[in-house]
Amino acid sequence: MVFNKRLYSKHLYRVKYVPPKHMDLSKLETGESGIVKSLQPHQLSVKLSEMGLLPGRKITVLFKAPFGDPIAIDVGGYVLSLRRSEAQIITLMD
Amino acid sequence: MRKIAITGNPNTGKSSLFNQLTGLRQKVGNFPGVTVDKKTGFFKLKSGTDVEVIDLPGTYSIFPQSDDERVVADFVQQQLQRPDIDLFVYVADEINLERNLLLFTQLYDLGLPLVVVLTMPDIAAKRQLKTDKQLFSQEIGGIPVIEINGRTGEGLDQLYQAIESHQAVKATRKFGEHSPFDILNQTEAQLNDTGIRYQEIRRMLAHIQRPAENNRENISRRIDRIAVHPVWGYAIFLSILFFIFQVIYHIASYPMDWIDVGFLQLSQWTKDMMPEGIFSDLISQGIIPGVGGVLVFIPQIALLFFFLSLLEESGYMSRVVFIMDKLVRPFGLNGKSVVPLMSSVACAIPGIMSARGISSWKDRIITIMVAPLMSCSARIPVYTLLIALVIPDYQWLGIINLKGMVLLGLYMLGLISALVVAAIMKIFIKSTSPGYLIMEMPEYKLPVWKYVFLHLWEKVRIFVVDAGKVILAISIVLWALASYGPYHRPSEYLTEQNPTDSSSPGIYKVNDLEHSFIGKLGHGIEPLIKPLGYDWKIGIALITSFAAREVFVGSMATIYSVGEDFEEDHTLLERLRQEKKVESGEPQYNLASGISLMLFYVYAMQCMATFAVVKRETRSWKWPLIQLVYMGIMAYLAAFTAYQLLS
């Protein structure tokens, strides 16, 4: 049997369950690109989709503000800036 | 009379088109229920038909997230029930057509009468981006598609023609699955619908637009490497601010002096020309100086808005927002609050007026509420007088001067207090819509001078027309309180014109501040301000300087009957130094009472023009009153603590 560390800690030590990490826009470095997979349910997800962040869209991180937040990305030819917390709503393909 | 409305995304040249069409024939009102400006303008077609134009706020979609967007959604919904707009002019930027067309498809599906205006054809041409307007028009059922160059006005004729000969076009297709207003509160459906619309738009664009070759890094991106750089970015922003303040301090004082002197002479002239009496006094001493008191702000407002609209038009403003957002967010502010707050170091009025760019209502109100804490230029004369009076000459290492350090300290105190108060207000002010920074960063471009000046003109007019009324009213009240008193004057003041010596209470004209209502008020508040180290004379100066902080200096000079130019002529300083406390015989102005007064002026909302502008910008009396009270309490507590600790 494979020892499942996560389950083990969750059930035996009641440590807060940490969901498996998914790839989101906030994890991209400057210059890196990704393809939008989906938008997490959030108050701002409609707003983000209206700005062109839709599944299948290729986006590139152009630059980040000092301290790494907010970030500026290329969305189909225009520059969009958004905070890291807002970038976390956008899930990317692995 | 025809009515048209201009809609489209922000940063598309929507306002430029509005300005092109109407020039100076504009007026600013507001949309019902919200603090969003409603710009209306007028022009005449060649046929002689008058056209009324409404410039709707720029939005990305019809699903509202902010007040601006709610205005557009409400407006459109109203048009569906009771149409009175003949034509919606939809403005879209040719180089970002895909995103620009989302709102278009929503309006199109609702069956509104539309015409499409494509802007920035010059930039598109430079990038070899070609749009087939004919094919585009066919795709959307024959709705006219017109290219207009916002700089040259090329293409405007076609728009005039479209307005003149506009015919209802039947929608030939549907872009989305739902009619936008059927899914106003359904996030899931909105997401799906937006996806479908984008797909349709992309499919359509594949026919009508040949994409630009995008192999070369464009100029904007290269500028941005420096503009948002962790070191150069801040250095550039600080240098620009420094330059702007230098220009404002050096240039604005000249026209301000002309206005001051001009109105003083006009007041004297009117007084000489008119028969003596209360009516003459009202005009020459109440109304004329009151109008002067409004107009004297114009140089500062105009200069600051000249620079602000240059920054806005060139696209640099969004870079400032970008690099400052993280720094000010812990204080409940937004990157967009930074420029309004920095402007307030020159003058809070344009600072507060420029807070309109902040889309989140909560962030905007917090910015407006703390802006007057930033040390504005009107505090300088008060600070320098008090520093000269009570701070000893002392130097460290031959270069660091104690007086200079105190002045710097007062500025820093204003800034820190603004941030702290903002952080506290963040907890108390409730907000319905989330604050966000999802913001387009437009490409850099050269500003169009005509629009810069139109913008400046608009701001000055809003100030004079809307805030001016309140300022004039307050200054007339202050004048009346300063020139009339409750009892007859002491006999040594009796003159031939007014030989009354009745001692019954009434309203009498007085010749000095001490016997006026304000003088009585100053005496009346003495018990209240005694713990701060002030006497009734300072009380009078505090009341009169509600008009504007720098009036403190003039009032002190009037009370002690000396000249007010304390930097050239030292009589005011000497007179103040001699002033003794009645009971103890100690100097009235010592370190304790001096510091107490400085702190009072750091915090107190001593500016009726700011009060009036906050009322104008928030469209309510509630916020300016809250501001007046909270700043007053802070001023009192700070001054009280300082005096009690130091004396």
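Residues numbered from 1 in each chain as written. Chains lettered and ligands numbered in written order. Predicted model: local features only at pLDDT ≥ 70, side-chain atom pairs only at ≥ 80, totals over all residues. Heavy atoms only, no water.

1. Things to note about the domain arrangement of chain B
It is common to give the size of an interface as the accessible area lost on bringing the parts into contact.
All names here are of chain B.
Reasoning step 1: Segmentation of chain B into domains returns domain 1 (2-210), domain 2 (232-446) and domain 3 (463-646).
Reasoning step 2: Computed over C-alpha atoms, the centres of domain 2 and domain 3 are 23 Å apart.
Reasoning step 3: Counting residues at the interface gives 49 residues for domain 2, matched by 47 residues for domain 3.
Reasoning step 4: Interface area for domain 2 against domain 3, summed over the two sides, is near 4100 Å², with a carbon-plus-sulfur share of 78%.
Reasoning step 5: Linking domain 2 to domain 3 there are two salt bridges.
Reasoning step 6: With a closest N to O distance of 2.4 Å, Glu 617 and Arg 356 form a salt bridge.
Reasoning step 7: Seen at the junction of domain 2 and domain 3, the total is nine residue pairs in polar contact (both at pLDDT 80 or more). (Domains from an automatic or database assignment. Contact = heavy atoms within 4.5 Å. Buried area = accessible area lost by both parts, 1.4 Å probe. Salt bridge = Lys/Arg side-chain N within 4 Å of Asp/Glu carboxyl O. Polar contact = N/O pair within 3.5 Å; in protein donor to acceptor, adjacent residues only side chain to side chain.)

2. Quick look at the sheet that holds strand 1 (residues 33-39) of chain A
Reasoning step 1: With respect to topology, six strands assemble into an open sheet ordered 5(A)-1(A)-2(A)-3(A)-4(A)-12(B), the strand pairing being antiparallel. Edge positions in the sheet fall to strand 5 (90-92) of chain A together with strand 12 (439-440) of chain B, since each has one partner strand and no second. (Pairing = 2+ DSSP bridges. Helix = DSSP H or I, 4+ residues; strand = E, 2+ residues; numbered from the N terminus.)

3. Quick look at a negative patch on the surface
Reasoning step 1: A contiguous patch of negative charge on the surface is contributed by Glu 564, Asp 565, Glu 567, Glu 568, Asp 569 and Glu 574 of chain B.
Reasoning step 2: By the secondary structure assignment, Glu 568 of chain B is in the loop between helix 22 (551-559) and helix 23 (571-578). (Patch = residues over 30% accessible without salt bridge, like charges linked within 9 Å, V, L, I, M, F, W, Y side chains within 5 Å. Areas by Shrake-Rupley, 256 points an atom, 1.4 Å probe, with all protein chains shown as cover. Lys, Arg positive; Asp, Glu negative; His and termini not counted. Charge placed at Lys NZ, Arg CZ, Asp CG, Glu CD.)

4. Focus: the sheet that holds strand 2 (residues 26-30) of chain B
Residues and elements named next belong to chain B.
Reasoning step 1: An order of 2-3-4-1-5-6-8 is seen for the seven strands of this open sheet, with the pairing classed as mixed. The open sheet has two edge strands, strand 2 and strand 8 (145-148), and neither has a second partner. Geometrically, the sheet is characterised by an average inter-axis angle of 25 degrees between neighbouring strands, direction not taken into account.
Reasoning step 2: Relative to strand 8, strand 6 (residues 114-119) is paired through four bridges, and the arrangement is parallel. In the strand pairing of strand 8, Val 116 is matched with Val 145.
Reasoning step 3: Its contacts with the sheet place helix 1 (residues 14-22) against strand 1 (2-8), strand 2, strand 3 (37-44), strand 4 (50-55), strand 5 (87-93), strand 6 and strand 8, and it is angled at close to 40 degrees to strand 3. (Axes fitted to C-alpha atoms, helices over the stretch in contact; angles between N-to-C directions.)

5. Describing the interface of chain A and chain B
Reasoning step 1: Listed as interface residues are 32 residues of chain A and, on the opposing side, 38 residues of chain B.
Reasoning step 2: Each partner contributes to the roughly 3200 Å² buried at the junction of chain A and chain B, and carbon and sulfur atoms together form 61% of this total.
Reasoning step 3: It is Lys 47, Glu 50 and Arg 83 of chain A that lose the most area in chain A upon contact with chain B, and together they represent 22% of the buried surface on that side.
Reasoning step 4: Put simply, chain A and chain B have six salt bridges between them.
Reasoning step 5: The residue Arg 83 of chain A makes a salt bridge to Asp 325 of chain B at a minimum N-O spacing of 2.9 Å.
Reasoning step 6: Summed over the shared surface of chain A and chain B, the number is eleven residue pairs in polar contact (both at pLDDT 80 or more).
Reasoning step 7: Elements with a contribution of two residues or more to the side of chain A that touches chain B: helix 2 (45-50), strand 2 (58-64), strand 3 (71-75) and strand 4 (78-82) of chain A.
Reasoning step 8: Broken down by element, the residue count for the side of chain A that touches chain B peaks at six residues, all from helix 2 of chain A.

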